[in-house]
Amino acid sequence: MEITPRMRNILAQIPRDNYITSDEIARYVHLSEKTVRATIKQLSTLLADSGAEILSKTRRGYTLLIRDENQWNAFLSASDASHDSEYARGAVPATSEERVEYLFWNLMDQADYVRVEDLCEILFVSRPTLTSDFKRVEELLEPYHIAILRRPRYGIHIQGKEIDIRNCMIHRMVHELEMDGDSFARRCERELAEIQGTLLENVKKYHLHLSQIVFQDLTVSIFVTIRRVQMNHIIPLSLEDVQRDLSGETLKIAQNIAEAVESCYATSIPAAEIAYIAVNLAGKCNYDTFSGECCQMIPSFVEELAQEMLEVVYETFRLDARKNLTLLMFLAQHLFPMTIRLKYHIFIKNDQKDEIRQKYSFAYALASQAVIPLKLKYHEEISDDEIA
């Protein structure tokens, strides 16, 4: 028997110079006390030739006694190497954080209901522990209006609009890529690198100007698109409708990306998904991203929205910028991709929103009122991310 991630996690809680009870360990690692005691019994057998042993004392709990420091360090080194290779192969999640990540992506990948009992067996945890982990998963899903359905004798399943599910997956992956350590996104880096290569070819070909953040976001968007298409979850978008909102060049770039993806992944990309790629391109790039012939003309309704927004600012704050043509032009350029995002429900995250709100509080107050015409047109609340 080899030391498992769960054993490692429990072993890490046992001190050398004090005692800890099985109840305390259970609370720390989110397992039942019975499971902790059983795991410690297995650990005691595994540590026979490690240079250390786990001692137990009634009413006090457990402590770790090191008999040979060199032998113990050698055992830990061998254990670390084994753990790394196990987790790379997708070993059983050991901590609450790992289980939450596993449950999140497991639910996203399920086409049908999954039984809670099956998940308990896969993860080697009790039902109360799994219920606690699911509460944390629900916290991740709630901002995207995604619910976990529970059906007796069937199990659990997620319910939400396809666009919301994709927004949730995209931003979870982006978050994981920003964090150190192992994660689902990190284990997909090879596939992400292939998509980046395809995207980079089109960036160079069409002279696009993308920030690193936008480039990464588009890469992850395309990865999620492929994953959902392979599961037969197609975005409900009409290519004909999108063609009325976007330039031919934007759609051409999306078509080229789709063709490259099809050849790489042997996956047919339907017209609705080409429209989705195009909407992501137009909604996540600045107006000046596209140069030369690729430049998207600003529609007249966007210029009218910019004028209405400055009118609201004047009526609310008596700050008159209505004849400031430079401001009008820059505002309209910013609004064009924003209107695409609002119309097609493309969520964008602004990690600097709290800093912006504090540092530029008056400008933020102006913007909070200025977005009223956008609320009325799109029948949507404007997020703090967009206001910032």
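Draft legend 1. Just the environment of isoleucine 235, in detail. Looking at the secondary structure, you find isoleucine 235 in the loop between helix H11 (212-230) and helix H12 (239-245). On the basis of relative accessible area, isoleucine 235 is assigned to the buried category, the value being 4%. Remark: the alpha-carbon pair of isoleucine 235 and tyrosine 276, spanning 41 residues in sequence, is separated by 7.3 Å. Beyond its immediate stretch of four places on either side in the chain, isoleucine 235 contacts Glu162, Ile163, Arg166, Ala272, Glu273 and Tyr276.

Draft legend 2. Structural detail: the pairing of strand E4 (residues 155-159). In terms of burial, E4 is a largely internal element, 4 of the 5 residues being buried. Both strand E3 (residues 147-151) and E4 contribute to a ladder of 5 bridges, which runs antiparallel. Its bridge partner lying in E4, leucine 149 is registered against histidine 157. Following E3, the chain reverses through 3 residues before pairing antiparallel with E4; arginine 153 in that reversal takes a positive phi of roughly 70°.

Draft legend 3. Fine view of unusual backbone geometry. Notably, histidine 145 is not glycine yet its phi reads approximately 60°, a positive angle. Notably, asparagine 232 is not glycine yet its phi reads approximately 65°, a positive angle. Tracing the backbone shows asparagine 232 in the loop between H11 and H12. For asparagine 232, a relative accessible area of 66% translates into the label exposed.

Conventions we followed
Residues numbered from 1 in each chain as written. Predicted model: local features only at pLDDT ≥ 70, side-chain atom pairs only at ≥ 80, totals over all residues. Heavy atoms only, no water. Helix = DSSP H or I, 4+ residues; strand = E, 2+ residues; numbered from the N terminus. Buried < 20%, exposed > 50% of the residue type's maximum accessible area, 1.4 Å probe, protein only. Contact = heavy atoms within 4.5 Å. Pairing = 2+ DSSP bridges.

Shape is all these values report; function is a separate question.
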